[in-house]
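Architecture at a glance
In case you want the letters, here they are:
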Amino acid sequence: MTAAPPTTGVTVRTVHDVAGLAAVADHFSDVWRTPRTAPPYPAEVLHSLAHAGGAVHAVHAGERLAGASVAVLGPERGTYSLVAAAERGLGHRLKLAQRDWAVALGARTMRWTFDPLVGRNARFNLAKLGAVGTEYLVDFYGPMADGVNDGDESDRLTVTWDLTAPGGSYDAGREGPVLRTAPDGGPLVRRAGRHLWCRVPDDIVALRAGAPGLALAWRHAVREVFLDAFAGGFRATGMSRDGWYTLTRAEEAA
């Protein structure tokens, strides 16, 4: 969603009422381009998650619902964010509300997954929040039939967010020779010493819609890089503004 971020009248609250949860379900339908009769997170599921001790947060710009998230408690003083989606400029407020909720319960970390080919989400998660990519999941959900992921394989990157850590950095200077070529003919991988950089496409959602074969080629190319890197002890620690992941060996990533 690309609306300009509001500057006043923004509030974030937890949602418990039926009408509010139905509005959140509608919001998720709009984001994932599914019919409102078949939302990715139905209102009754959201109600059950909230009743079981999870949290549904909604961000409003004035009276308008502009974002929402869902999180549940996890093991070992951790929490798991099932979903979060907000208009531009409001995602940070939403995640901070999730963080405050989790910290109040004694949690130290929060985990979630996202599509590693969506560079703007990687920048938000790794650079803005300071989370770290810790696990690569191949075709995690299997085939998906929503209006965003349809026709692709649902690889996901798990990130772990230290709830007490500062944000990361957008500075991801790349060094070393090009080791692999991307499906568009440009560089895919660079490496220097114990650091690795991997590029993703500018807009994978648009690419899926306009050139699905090329989008799938990107999926497989980036998957191979990440699986090899994670097997070698790397973690995803940063993302540049022009679409390059920084991967760092685990002993250096702290």
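First, a word on what this report is: a plain description of the structure on this page. (Residues numbered from 1 in each chain as written. Predicted model: local features only at pLDDT ≥ 70, side-chain atom pairs only at ≥ 80, totals over all residues. Heavy atoms only, no water.)

Observations concerning the packing of aromatic side chains
Here is the rule: Only rings of Phe, Tyr and Trp enter the pairing, Trp through its six-membered ring, and a pair is recorded when the two centres are within 6.5 Å. The plane angle decides the type: under 30 degrees is stacked, over 60 is edge-to-face, the rest tilted. Whether a charge sits over a ring comes down to the Lys NZ or Arg CZ being within 6 Å of the ring centre and within 35 degrees of the ring normal.
A complete count under the given rule lists seven aromatic pairs for this structure. Linked through ring pairs, Tyr136, Phe226, Phe230 and Tyr245 together constitute an aromatic cluster. Between Lys95 and the ring centre of Trp112, over which it is positioned, the NZ or CZ distance is 3.7 Å.

As for the nonpolar core
Our working rule: Among buried residues, those of type Ala, Val, Leu, Ile, Met, Phe, Trp, Tyr and Cys that are joined through side-chain atoms within 4.5 Å constitute a nonpolar core. The rule is simple: take the accessible area with a 1.4 Å probe, protein chains only, and divide by the maximum for that residue type; under 20% is buried, over 50% is exposed, in between is partly exposed. Residue contacts are counted whenever heavy atoms from the two residues lie within 4.5 Å of one another.
Counting residues in hydrophobic clusters, the biggest one holds 42 residues, and the most contacted among them are Leu157, Leu188, Val222, Phe226, Tyr245 and Leu247. Once residues within four sequence positions are removed from consideration, Val222 is found in contact with Leu117, Leu188, Cys198, Arg199 and Val200. Counting 13 residues, the second largest nonpolar core, distinct from the first, contains Leu21, Ala50, Ala58 and Val83.

Quick look at the pattern of salt bridges
Pairing between side chains of opposite charge can happen when their charged atoms approach one another. What counts here: The term salt bridge refers to a pairing of a side-chain nitrogen on Lys or Arg with a carboxyl oxygen on Asp or Glu at a separation within 4 Å. Per the convention used, a helix needs a DSSP run of H or I reaching at least four residues, while a strand needs a run of E reaching at least two, with both numbered from the N terminus.
Following the criterion strictly, the structure yields 14 salt bridges and no others. Ionic pairing is found between Asp100 and Arg99, a salt bridge with its closest N-O pair at 3.7 Å. The exposure class of Asp100 is partly exposed, given its relative accessible area of 47%. Of the charged contacts, one joins Arg180 and Asp228 as a salt bridge, the two residues approaching to 3.0 Å between their closest N and O atoms. With Arg180 in strand β8 (residues 178-181) and Asp228 in helix α6 (residues 212-231), this residue pair connects regions lying 48 residues apart in the sequence. Given the relative accessible area of 43%, Asp228 is considered partly exposed. Overlapping salt bridges bring together Asp115, Asp152, Arg208 and Arg219 as one network.

Remarks on the pairing of strand β5 (residues 109-114)
Note the threshold: DSSP-based pairing: two strands are paired if at least 2 bridges between them are found. Crossover handedness is defined here as right-handed if the route from the first strand over the helix to the second strand goes clockwise, with the strands pointing away from the viewer.
Bridge count between strand β4 (residues 78-86) and β5: three bridges; the pairing is parallel. Each residue of the ladder has a partner; that of Thr79, found in β5, is Met110. A crossover connection joins β4 to the parallel β5 through helix α3 (residues 91-104); in handedness this β-α-β unit is right-handed. Bridge count between β5 and strand β7 (residues 156-162): six bridges; the pairing is antiparallel. Each bridged residue has a counterpart across the sheet, and for Phe114 the counterpart in β7 is Leu157.

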